[in-house]
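Coordinate inspection notes
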Amino acid sequence: MAHTASGLRYFEVQHPLLSARIFEQGAQLVQFQSVGKPPMLWVSEAEPFKPGAAIRGGIPVCWPWFGPDPQGIGPAHGLARTQTWQLYLAQQTDSSVCLGFRFQITESSMAGLGAELVFELSDRLRLTLITHNRSEKRLTFSSALHSYFPVGDIRQALLSGAAGRQYTDSLSSAQSTESEQQLVFDQEVDRIYYGSSPWQLCSPTLCLNIESEGSGSTVVWNPWIEKSARLSHFNPDDYLRMLCVETANCGADSRLLEPGQQHVMAVEYSYLPLANSP
Ligand SMILES: O=P(O)(O)OC[C@H]1O[C@@H](O)[C@H](O)[C@@H](O)[C@@H]1O
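Calculation rules
Residues numbered from 1 in each chain as written. Predicted model: local features only at pLDDT ≥ 70, side-chain atom pairs only at ≥ 80, totals over all residues. Heavy atoms only, no water. Disulfide = S-S within 2.5 Å. Buried < 20%, exposed > 50% of the residue type's maximum accessible area, 1.4 Å probe, protein only. Near = heavy atom within 4 Å. Polar contact = N/O pair within 3.5 Å; in protein donor to acceptor, adjacent residues only side chain to side chain. Areas by Shrake-Rupley, 256 points an atom, 1.4 Å probe, with all protein chains shown as cover. Nonpolar A, V, L, I, M, F, W, Y, C, P; charged D, E, K, R; others polar. Phe/Tyr/Trp six-rings, centres within 6.5 Å; stacked < 30°, edge-to-face > 60°. Helix = DSSP H or I, 4+ residues; strand = E, 2+ residues; numbered from the N terminus. UniProt positions renumbered as here; feature names shortened; annotations may be inferred. Contact = heavy atoms within 4.5 Å. Pairing = 2+ DSSP bridges. pLDDT = per-residue confidence, 0-100.

What follows deals with the state of the cysteines. Following the criterion strictly, the structure yields 1 disulfide and no others. Bridging C202 to C207, the disulfide has an S-S length of 2.3 Å. Between C202 and C207, the S-S dihedral sits near 70°, and the bridge is therefore right-handed. The partly exposed category is assigned to C202, whose relative accessible area is 25%. Overall, the relative accessible area of 1% leaves C207 in the buried class. Free cysteine C244: the closest other cysteine sulfur is in C62, separated by 9.2 Å.

Next comes the structure, spelled out in structure tokens:
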């Protein structure tokens, strides 16, 4: 285990077929690359990696709520991304590495809710987020795997998979049905798309297929120019280089768990050939 100058601890994974870096805080994967393929995740160069502060990039885990705390007390996007998760599983084969982390809420009205996050790293990346209710009451939660992808130039990125889906525009609260086959980006976007996968992202630096299970919502987010200035750990022109496509259970797709129940949400990101490759 290594740590940053500011004291945040992380696991560095070096395997003949892949490399990855996962912080204990938030069980946050900040780097993943399969051999011969481009880096899959984006992290801001302005990120200071400070204990207790959310890391801007990689795959923050928003849990057990997405967006503002429904009770109006806690931080945006839940408690999990600034807390230390425990490593409980580490396995390696000739072609893959598997790591599992867990986090449990012990205080507050959500005490008894726990999460496990399993990373399967190979020629692709798979994350499984299991939420369980070990309390004696019904609990509602929402979540998102808030993945930041490096797109080189957002103005040349294309995202397919939205056509025909209902969405809530979080900037205006309007509900609509998507008519575009491919989303292009030329202004701030912050939407919750309902329905299930797949999505395809194609950009100058990365093309990916995104498929999920147990998720009925996907957040598509880029802050563009004005909001970039208000974001923590974000350079003014960082919006040009990233796009978030967040596999979620959020908005109207938030979930209710009875005592003893669990919910499994998984996502697999697999590389597609770059559009300009032979
Ligand atoms: O700055 P934060 O808390 O990491 O949130 C970043 C963004 O996360 C997105 O998921 C939300 O849809 C945006 O509204 C939000 O601005």
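Okay, the site of the ligand next. Close to the ligand lie R56, F66, H77, R81, H146, D190, V219, W221, K227, L231 and E246. Within the contact set of the ligand, an oxygen atom lies 2.6 Å away from a side-chain nitrogen or oxygen of K227. E246 has a polar side-chain atom sitting 2.9 Å from an oxygen atom of the ligand. Burial of the ligand by the protein chains amounts to 81% of its free accessible area of 390 Å². Of the residues in the shell around the ligand, the class split is 4 nonpolar, 2 polar and 5 charged.

All told, the structure shown has 13 aromatic pairs when counted by the stated rule. Arranged with centres 5.5 Å apart and planes meeting at 25°, the rings of W85 and F103 form a pair that is stacked. With W85 in the loop between β5 (61–62) and β6 (86–92) and F103 in strand β7 (residues 97–104), this pair connects stretches of sequence that are 18 residues apart. Judged by its relative accessible area of 0%, W85 is buried. The class for F103 is buried, based on a relative accessible area of 10%. For the ring pair Y148 and W221, a centre distance of 6.2 Å and an interplane angle of 85° mean the geometry is edge-to-face. Note that Y148 is positioned in strand β12 (residues 148–150) and W221 in strand β20 (residues 217–222), a separation of 73 residues in sequence.

Here, the residues flagged by UniProt with the feature "active site" (unreviewed entry) are H146 and E246. These annotated residues cover 101 residues of sequence, and their C-alpha atoms all fall within 4.5 Å of one another, placing them together at a single site. Within the secondary structure layout, H146 lies in the loop between β11 (143–145) and β12. Setting aside residues up to four positions removed in sequence, H146 forms contacts with G58, I59, P60, C62, H77, W221, C244 and E246. Among the secondary structure elements, E246 is positioned in strand β21 (residues 242–249).

A separate point is the sheet that holds strand β1 (residues 2–3). The antiparallel open sheet is built from 4 strands, whose spatial order is β1-β2-β3-β4. The open sheet is flanked by β1 and β4 (28–34), the only strands paired with a single partner.

This part covers the sheet that holds strand β8 (residues 113–121). Strand order in the open sheet formed by 9 strands is β6-β7-β8-β9-β23-β19-β18-β13-β16, and the pairing between neighbours is antiparallel. A single partner strand is all that each edge strand has here, and the edge strands are β6 and β16 (182–183). In this structure, strand β13 (residues 158–160) lies alongside strand β18 (residues 199–202), joined through 3 bridges in antiparallel fashion. Paired with L159 across the bridge in β18 is L201.

With 99% of its residues at a pLDDT of at least 70, the protein reaches an overall mean of 97. As a predicted assembly, this complex carries a pTM of 0.98 together with an ipTM value of 0.99.

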